[in-house]
Each structure stands twice: as structure tokens, then as C-alpha cells.
Amino acid sequence: MKIYSLSGARIAQLSCIALGLLGFSQTVQAGPTSTSPDYSVAVFANAPSGLTNPDSITSFQGTIWVGYQNSSQPTGAGQSDIVQFDPTGKVLKDYKVKGRNDGLKYNPFDGKIYALQNEDGNPYLTLIDLVTGTMTNFTYSTPPAHGGGYDDIVFLNGQIFISASNPNLTAPSTSFPFGQNIYPSIVKATLVAGNQIDVSPVEMGNATLTDITTGKSVVSAQSDPDSLKVDPSGNLVLDSQQDGDLIFLNGPGFPNQVGYRLHLTSSSTTQVTVDDTIFPTQAAGTIYVADTPANIVYAITSKVFPPNSAFTSATDSNNYEGRIDLQTGKITPIITGMQGPHGAIFLSTLPEVRLDQVGSSGSLTGVFRVSRTGDVSQALQVFLNINDNSSADPSSSSTQKSVTIPIGASSAIVTLALDSKSDFKEDGSKQSVVVSIQPDPNYQVQPVNLQTGVQVLSLPLPK
């Protein structure tokens, strides 16, 4: 028998011919292809038996977590599965939740997986304890003010932010063809007693924003708040899906909060819509993206992800993963031939480390968590800088300390002496200390955490 090597496109063409000869009329779609040698795409995981519609993706200690919606309804009918895969795509665990999962994130501040349910109505939240495997349901203490549900969740500076999806809209107009959202598009969530969630508005759907391309003040429709991410500068980023807008919030939840809008376009005359937008944190890594109707999670790898770049799951007249020009909003496809890309996440080749303050232990000490992504089979040593930035003190200095994240752990807690008692008395109210992670060839520092600061100004003067 003679063996021929056929391309994917040729195989699809022959399949169509065979179906035609048998009397069937069916379109057979070839798999995704890359538009550039800088990017390659492969199947990471097909849907486990009986499961369909992969959507949201998150990660924990190098494992990939995918929410399968199983044709469940966005207002609650049906059941979803949260599946944990190892780095090779092998199923490790399967957690079943009622309703439709849309929004899935690992919270580094409490070590749990947060799974949102029912983005269009009747929303609730499930927390998965990664130590015990137990699941706890939380309900919202008041009905959503915007009338819909909640779609995605992020954790920033110890706070929880959720996108308020499927809002009630004003009547369509020339300026707002889908209608205007006059309700909160992003809320801050607080878990309270009785497994309840209190929410408060962070961003209103009709807020005045600065357009990144023109520099002018605009009001975005925000008619379809969807996915939430945090960019390398620490901005909260909301996809307003059907509007083709990205909303950037600098200082979310603080009095000095500022909002920006980037309107997205493509080469198609059809307005592009977007789902998850991600921001690679180093040149070498992998984008995991769920092609929902294809029931496949793909891995897009590269060694040259550009610095300060963004990639998104996009749909116009085609479906693809594309790179966003963050100045103009133009999207350029990097992977084409997908059926319907949705949830996505980026994992760097090197472990990413971050620094979070989790408390204090005495007047001149701080308690910090040093955490990492990726493989935990080896211990990782992380180096910290403690900088005394007192402007009036010529003796201001920097000290170093190392902390080791042990084998099998994704984080370690460290207590740091921020200053000496005598020096604090000398500097008085001018005291300022900044703790940061020192760069090292063995890990990548998450940019948002480079300026983690500890202000000692509020600490009581030691006696």
C-alpha cells in the first residue's frame, strides 16, 4: 500500500467530496491554522465524554481548569462541569455545579476556585476548596440592580470585582444601536455571613470615559459587559462584547478611578465582537483558548509574544484569535479557522511570581504572600527588596531577603522587618518603605506587583 501525506485542507476537501457522493450535504471545517510562523496551535484537550461547550478557563499550580456548560441555560436550567486537567490535557478531577458556569478564576488571596453561575439571571457563586474538594454556594444578598446576572470575576489588591452582565437597556437609538446601559457594569463583591454576597457599584454603564485613540471624552454603550481581566499595568479590563469595546479602569474602586475606552475594529465590515482578552506577561508562553462549539481547548504557543501586547477571542465574519493594537484598536488574526473562541488564559513558560501583603505582625513588620504559577515539583527561591525611601533621610537604604516556596506549594508566607525601631524614630512621619520582588533568571515577576508598597506612615511610633 502506498502512503500519501495530505494537508489538513486537502483532507477536508476529500471528506466533502466523499459526503457528496453519498448524498449528504455537509460543510466540513478544517482545524485552526496559524497566520504567522511566530505562533503554533495544537489541541490541548478534547471535551471529556458526555461534556460539551467549554468556556471559561483558569489555572492553579500548573493545572488547567475548564468550565463545560453542557448546553445549560444562562438563567439556570441544566448543569455544568468544572474539569481540572494536568499540563498534558489528562483529566484529574471533575466538579459538577448546577446551572451554567460562565466565569471561572483562581483566587490567590484565599486559595479557592471561584465559579460563577447563570450570567443572564438567577446568579450565584460556587467556591471550590482545593484542599478538601468541598464546594460552597453563595447567593447575592439583593437582586442585581441591572436586572441580569454576573459573568466574570477577578481579584485585585485583595478586592473582588465582578462584571454585571445582561443589563436592562434603554431603547435603541442612532448613537446606541443596542441601547444604553444606565446600570452598574462592574461591581465590587464582598462575601459576608450566611453565604451571602454584597455588591456595590464600581463602574456605571453610562460613565464618561476617555477614548484611547482620539483622546476625547465618550460614553460607551456597555450594553454587553462580559469578561474581566487585569492588564500588566494593574488596570481592570472589561470586554463589552457586542459593542466591540474594551473598558480600562485605572485605580478601580478608589476615589481617583479613571476609565478609558478602546473601540475594536478588524478588516471585516462586520463589527467585531470579543470575549476573553488576555495580556501575555513574557515572550515565551501559551494561550489556552476554548473553542466552545468545537468542544476543544486549544494551546497557542510562541517564544515571541510581543511586550505590552493583548490578544482576544474575536468574531466578525470569521472566528479567530487575534492580536489587538492597543493604540488603534485594530485586531489582526493570529489563529484562524476556529468555530467560536471564548474563554482564554495565558501561562508563561517561566513561573510567574507575585507579592501580596496579607497583614501585619507588630508595628514595624509586614506579612506577605509570595506566590507562583506553573510547575510545583521543585522548590523556588524568590528574592525580595526592602527599600527605605524616606526623602529626608540621607541614610535611606535597601536590604534584601530571600524566601523559598517549597516543593508542592504554590505560595509561601514571609514576615519582614520593615525598619529598625531607632531608624523609625529618626525618620518619624517621613518614613516610607516599599517591598518588591527582585528580578531573577529563574522566574518572571508579574508587572502589576513590581510596585507593591508598604507605607509605614500609619504605624504607631514605637515606645
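### Some points on the sheet that holds strand E17 (residues 225-230)
- The strand order E16-E15-E20-E19-E18-E17 describes an open sheet built from six strands, whose pairing is mixed. Of all the strands in the sheet, just strand E16 (217-219) and E17 have a single pairing partner and so form its edges. Averaged over neighbouring strand pairs, the angle between their axes works out to 35° when direction is ignored.
- As defined by bridge partners, strand E18 (residues 236-240) adjoins strand E19 (residues 245-250) across five bridges and the pair is classed as antiparallel. Bridge pairing in E19 places Val237 opposite Phe248.

### Topic: the layout of surface pockets
- By volume, the second largest pocket amounts to about 270 Å³.
- Along the walls of the second largest pocket sit 13 residues, with Asp231, Ser233, Phe248, Asn308 and Leu326 positioned nearest its centre.
- Considering only residue class, the lining of the second largest pocket consists of seven nonpolar, five polar and one charged.

### Topic: the sheet that holds strand E22 (residues 285-291)
- Across the sheet, four strands lie side by side as E2-E23-E22-E27; this open sheet has antiparallel pairing. Looking at which strands have only one partner, the edges of the open sheet turn out to be strand E2 (40-46) and strand E27 (341-348). Going from strand to strand, the sheet's axes swing by 25° on average, the running direction of each strand aside.
- As paired strands, E22 and E27 are joined by six bridges and run antiparallel to one another. What sits directly across from Thr286, in E27, is Leu347.

### Quick notes on the pairing of strand E30 (residues 380-388)
- Bridge count for E30 against strand E31 (residues 398-405) is eight bridges, and the pairing is antiparallel. Within E31, the position partnered with Asn385 by the bridge is Gln400.
- Two elements, E30 and strand E33 (residues 433-437), share five bridges in a ladder whose sense is antiparallel. Bridge pairing in E33 links Leu384 to Ile437.

### Considering the pairing of strand E26 (residues 331-336)
- As judged from the two bridges shared by strand E1 (residues 33-34) and E26, these two strands associate in the antiparallel manner. For Thr33, the partnering residue across the bridge sits in E26 and is Thr336.
- Looking at chain direction, strand E25 (residues 319-324) and E26 are connected through four bridges and run antiparallel. In the sheet register, Ile324 faces E26, and the bridge partner there is Ile331.
- Joining the antiparallel neighbours E25 and E26 is a turn of six residues, in which Gly329 adopts a positive phi near 85°.

### Side note on the pattern of salt bridges
- Scanning the model with the defined rule gives eight salt bridges in all.
- Among the salt bridges present, the one from Arg261 reaches Asp211, with a minimum N-O distance of 2.9 Å. Here the residue Arg261 occupies a position in strand E20 (residues 258-263), and Asp211 occupies one in strand E15 (residues 208-211), the gap between them amounting to 50 residues. There is no split in this pair, since Arg261 and Asp211 are both buried.
- Notably, a salt bridge pairs Arg261 with Asp245, separated by 3.4 Å at the nearest N-O pair. Taken as a pair, Arg261 in strand E20 and Asp245 in strand E19 lie far apart in primary sequence, 16 residues in all.

### Focus: the side chain of Asp224
- Looking at where Asp224 falls in the secondary structure, it is placed in the loop between E16 and E17.
- Among buried charged residues, Asp224 stands out as having no salt bridge; its nearest opposite-charge side chain is Arg100, 11 Å away.
- Beyond its immediate chain neighbours, meaning those up to four positions away, Asp224 contacts Asp239, Ser240, Gln241, Gln242 and Asp243.

### Focus on empty space enclosed by the protein
- With the rule as written, the count across this model stands at one cavity of 30 Å³ or more.
- Considered as a void within the structure, the largest cavity measures approximately 80 Å³ in volume.
- Asp55, Ser56, Asp152, Ser227 and Asp276 are, among the 14 residues lining the largest cavity, the residues nearest its centre.
- Mapped onto the lining of the largest cavity, the elements with two or more residues apiece are strand E3 (54-60), strand E7 (101-107), strand E11 (149-156), E17 and strand E21 (273-278).
- Among the residues forming the lining of the largest cavity, the class breakdown is two nonpolar, three polar and nine charged.

Analysis parameters
- Residues numbered from 1 in each chain as written.
- Predicted model: local features only at pLDDT ≥ 70, side-chain atom pairs only at ≥ 80, totals over all residues.
- Heavy atoms only, no water.
- Pairing = 2+ DSSP bridges.
- Helix = DSSP H or I, 4+ residues; strand = E, 2+ residues; numbered from the N terminus.
- Axes fitted to C-alpha atoms, helices over the stretch in contact; angles between N-to-C directions.
- 1 Å grid on protein atoms, 1.4 Å probe; cavity = no way out; pocket = protein on both sides within 12 Å on 5 of 7 lines; lining within 4 Å.
- Points joined across faces, edges and corners; volume = space filled by probe spheres on them.
- Nonpolar A, V, L, I, M, F, W, Y, C, P; charged D, E, K, R; others polar.
- Salt bridge = Lys/Arg side-chain N within 4 Å of Asp/Glu carboxyl O.
- Buried < 20%, exposed > 50% of the residue type's maximum accessible area, 1.4 Å probe, protein only.
- Lys, Arg positive; Asp, Glu negative; His and termini not counted.
- Contact = heavy atoms within 4.5 Å.

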